[in-house]
Amino acid sequence: MKFWRELAQLPASPVMSKVPQRDASEPTSLVRYVWGSDPGQTQVEFRKMENAGHVQPSIAHTLPWVLRVILGKQNGDLEFADETWAFFKNKRAP
């Protein structure tokens, strides 16, 4: 994150927020870190999965139990592909 933040000349401290949990009993959670305050300008964003495995978050596409045993817990608070597109769709080169 440091490399991308410095390349974009963004502040050292991110704005941090928790992604709302869809199911309070779910053991995983997501924390969002954003460097750069204007969504129309350059930003760097990082989503940290807490208590989750090496699996992208998904609401609609839950992995079979055998893969969750191998890869770890899957977060179900957001749809990874939709969130990725929402971040990039309005970004333009300066």
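Residues numbered from 1 in each chain as written. Predicted model: local features only at pLDDT ≥ 70, side-chain atom pairs only at ≥ 80, totals over all residues. Heavy atoms only, no water.

## Overview of the sheet that holds strand β3 (residues 44-50)
Sheet architecture is open: three strands sit in the order β1-β2-β3, paired in antiparallel fashion. Of all strands in the sheet, those bounded by a partner on one side alone are β1 (15-18) and β3. Taking the axes of each pair of neighbouring strands and ignoring which way they run, one obtains an average angle of 20° across the sheet. Sheet topology note: the β1/strand β2 (residues 29-35) ladder contains four bridges and is antiparallel. Bridge pairing in β2 links Lys 18 to Val 31. (Pairing = 2+ DSSP bridges. Helix = DSSP H or I, 4+ residues; strand = E, 2+ residues; numbered from the N terminus. Axes fitted to C-alpha atoms, helices over the stretch in contact; angles between N-to-C directions.)

## Looking at the pattern of salt bridges
In this structure the tally under the stated criterion is six salt bridges. As a salt-bridge pair, Arg 32 and Glu 45 come within 3.0 Å of each other at their nearest N and O atoms. Separated by 13 residues along the polypeptide, Arg 32 in strand β2 and Glu 45 in strand β3 bring together distant segments of the chain. Note on Arg 32: relative accessible area 30%, which makes it partly exposed. Across the salt bridge formed by Glu 83 and Arg 47, the nearest N and O atoms sit 3.0 Å from each other. Of the two residues, Glu 83 sits in helix α3 (residues 80-88) while Arg 47 sits in strand β3, which places them 36 residues apart along the sequence. Here the salt bridges share partners, and the residues they tie into one network are Arg 32, Glu 45, Arg 47 and Glu 83. (Salt bridge = Lys/Arg side-chain N within 4 Å of Asp/Glu carboxyl O. Buried < 20%, exposed > 50% of the residue type's maximum accessible area, 1.4 Å probe, protein only.)

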